[in-house]
Amino acid sequence: MKMFVVFVILVHVSQHASAVEVYDCDPFVLLPCDFPADELANPSVVWSRYNLNPSTVHQRQQEGDELKDQNQLYSGRTSMKTDALETGDLSLNLTKLHLSDSGSYTCTIRGFIMGRQRELRVTDVQLQVKERFPSWAKALLVLLVLGLLVSGALLVYFRQYFMSVFQVEVDSGVESVQLPCKTTVHLPKVAKVEWGDGDNKKVHVYQNGSDQPEVQDRDYRGRTEMKRNLLEPGDLSLILKYPTDSNTYTCTVYNREEHILMEKLVVLNVKDCQVEVKEGEESVQLPFRTTPDLPEDAKVMWVCYKPSYRTVHLYENRSDRPDKQHQDYKDRTEMKKDLLKTGDLSLTLKHPKETDTGTYRCRVFSKDVRREKIVELKVKGQYEAEVGVSHIRA
Ligand SMILES: *[C@@H]1O[C@H](CO)[C@@H](O)[C@H](O)[C@H]1NC(C)=O
């Protein structure tokens with residue numbers, strides 16, 4: 001009878017090699033091993049890897065686990081069912097998996113059969129621990145996370161620039177431009193909206209439900225309008241009339257405690273005003289249009305300040321002052337009638353000459369108002385093209 005059991009054991013062994021695959025991130029793996037251990041007297045089970053020294057991975061005796069010969073690599077990572085020897089389920093539970101756990105595990109049972117000590121190799125289990133995330137993917141992940149952190153830090157650092165910079169570009173001479181500023185802030189919380197420019201000038205102030213023109217800088221008097229659209233109450237965009245130069249504008253929203261709720265930046269780029277004409281033409285116009293109904297006491301002055309400073313045309317006390325203009329421009333300049341009423345401050349320059357080439361500026365100013373515009377004038381000489389050609393030939 002007992003001899004028969006041994007025979008069965010041997011057959012059993014040859015059929016029990018198995019393979020198990022797990023990922024390194026799995027919480028544990030069970031290496032299967034079944035044997036009716038109660039057939040033996042004083043049985044014990046040893047799980048081992050023969051290519052390790054010491055080779056013992058786990059040992060169970062009738063009194064309990066016996067781990068004094070256990071390989072340090074498996075310390076604290078192995079367990080078997082408490083009633084393993086009674087039930088015959090000798091599976092090994094291995095946790096905290098490493099790639100180096102891959103290999104061949106042998107389940108061996110020892111005991112006495114008919115008074116003789118036997119050692120039976122029950123099964124070999126081929127364990128393969130695979131990487132869920134290969135190292136290159138981990139490296140990629142680390143780079144990705146680093147990238148996100150760095151850009152996040154940059155974003156915080158340059159917040160005011162990144163957050164909401166609008167770029168608006170217009171041609172010189174447009175009637176108006178809209179500087180966008182839209183808020184998601186709950187409007188009843190908004191006590192004040194302040195538009196400022198890059199020179200710290202107050203462009204427009206809206207406080208307690210109305211515009212405050214008296215605090216505006218005179219550069220912007222009469223040139224601004226805050227769009228009030230009942231359908232879009234959060235729209236705090238500013239309409240700037242007759243923009244003449246590039247600048248940076250900020251829209252700042254305050255609550256009643258004067259704390260900033262929101263700030264937006266708008267970069268306005270106004271293209272240079274360039275006028276080109278050929279010498280010999282009857283006249284050329286240097287354009288400057290602004291809002292109508294300028295104050296009666298406003299003074300208008302066109303000057304050429306590059307390559308040298310010359311007064312081109314002066315208008316004050318509602319009349320031209322030819323006595324104050326540079327002799328180069330004598331009898332050659334003309335401005336429109338009713339210029340303060342219409343806001344058309346364009347200058348007509350008759351018989352333009354090559355030497356008129358330069359940078360011109362028109363300023364209109366009074367106690368409350370100041371506007372200016374710069375015009376680049378290029379007067380090409382009549383023979384300029386021919387001169388160029390002969391120069392190349394020579
Ligand atoms: C294996 O051991 C781990 C850790 O002790 C435990 O969480 C897990 O439930 C065990 N698995 C089995 C099937 O007993």
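Residues numbered from 1 in each chain as written. Predicted model: local features only at pLDDT ≥ 70, side-chain atom pairs only at ≥ 80, totals over all residues. Heavy atoms only, no water.

Asker: Lay out the site of the ligand in plain terms, naming residues and giving numbers.
Answerer: Residues in contact with the ligand, as listed here, are F28, L30, N93 and T95. N93 places a side-chain nitrogen or oxygen 2.4 Å from an oxygen atom of the ligand. About the coverage of the ligand: the protein hides 41% of its 360 Å² of free accessible area. Of all elements in the fold, only β2 (28-31) and β7 (92-95) reach the threshold of two or more residues within the shell around the ligand. When grouped by side-chain class, the residues that make up the shell around the ligand number two nonpolar, two polar and no charged. (Near = heavy atom within 4 Å. Polar contact = N/O pair within 3.5 Å; in protein donor to acceptor, adjacent residues only side chain to side chain. Areas by Shrake-Rupley, 256 points an atom, 1.4 Å probe, with all protein chains shown as cover. Helix = DSSP H or I, 4+ residues; strand = E, 2+ residues; numbered from the N terminus. Nonpolar A, V, L, I, M, F, W, Y, C, P; charged D, E, K, R; others polar.)

Asker: Residues and numbers for the packing of aromatic side chains, please.
Answerer: Using the criterion set out here, one finds three aromatic pairs in the structure. Where Y74 meets Y105, the ring centres are 6.2 Å apart and the plane angle is 85°; that geometry is what we call edge-to-face. Remark: Y105 occurs in strand β8 (residues 103-113) and Y74 occurs in the loop between β5 (64-65) and β6 (78-79); sequence separation between them is 31 residues. Classification of Y74 as buried rests on a relative accessible area of 1%. The class of Y105 is buried, set by a relative accessible area of 0%. With 6.4 Å between their ring centres and 85° between their planes, Y329 and Y360 make a pair best called edge-to-face. Remark: Y360 occurs in strand β26 (residues 358-365) and Y329 occurs in the loop between β23 (319-320) and β24 (333-335); sequence separation between them is 31 residues. Under the relative-accessibility criterion, Y329 is labelled buried at 0%. (Phe/Tyr/Trp six-rings, centres within 6.5 Å; stacked < 30°, edge-to-face > 60°. Buried < 20%, exposed > 50% of the residue type's maximum accessible area, 1.4 Å probe, protein only.)

Asker: Mind laying out the pattern of salt bridges, listing which residues take part and the relevant values?
Answerer: Here the idea is simple: oppositely charged side chains can pair when their charged atoms come close. Tallied over the entire structure, the rule returns 28 salt bridges. Close ionic contact of D101 with R77 constitutes a salt bridge, the shortest N to O distance being 2.9 Å. Of the two residues, D101 sits in the loop between β7 and β8 while R77 sits in the loop between β5 and β6, which places them 24 residues apart along the sequence. A residue is classified by how much of its surface remains accessible, and D101, at 2% relative accessible area, is buried. The network of salt bridges with common partners includes K299, E316, R321, D323 and K324. (Salt bridge = Lys/Arg side-chain N within 4 Å of Asp/Glu carboxyl O.)

Asker: Lay out unusual backbone geometry with the relevant residues and their values.
Answerer: Note the cis peptide between N53 and P54, where omega equals -5°. Its place among the elements puts P54 in the loop between β3 (41-48) and β4 (56-61). Residue K306 is joined to P307 through a cis peptide bond whose omega torsion reads 5°. Look at K96: it is not a glycine, yet its phi comes out positive at around 45°. Following the sequence through the fold, K96 ends up in the loop between β7 and β8.

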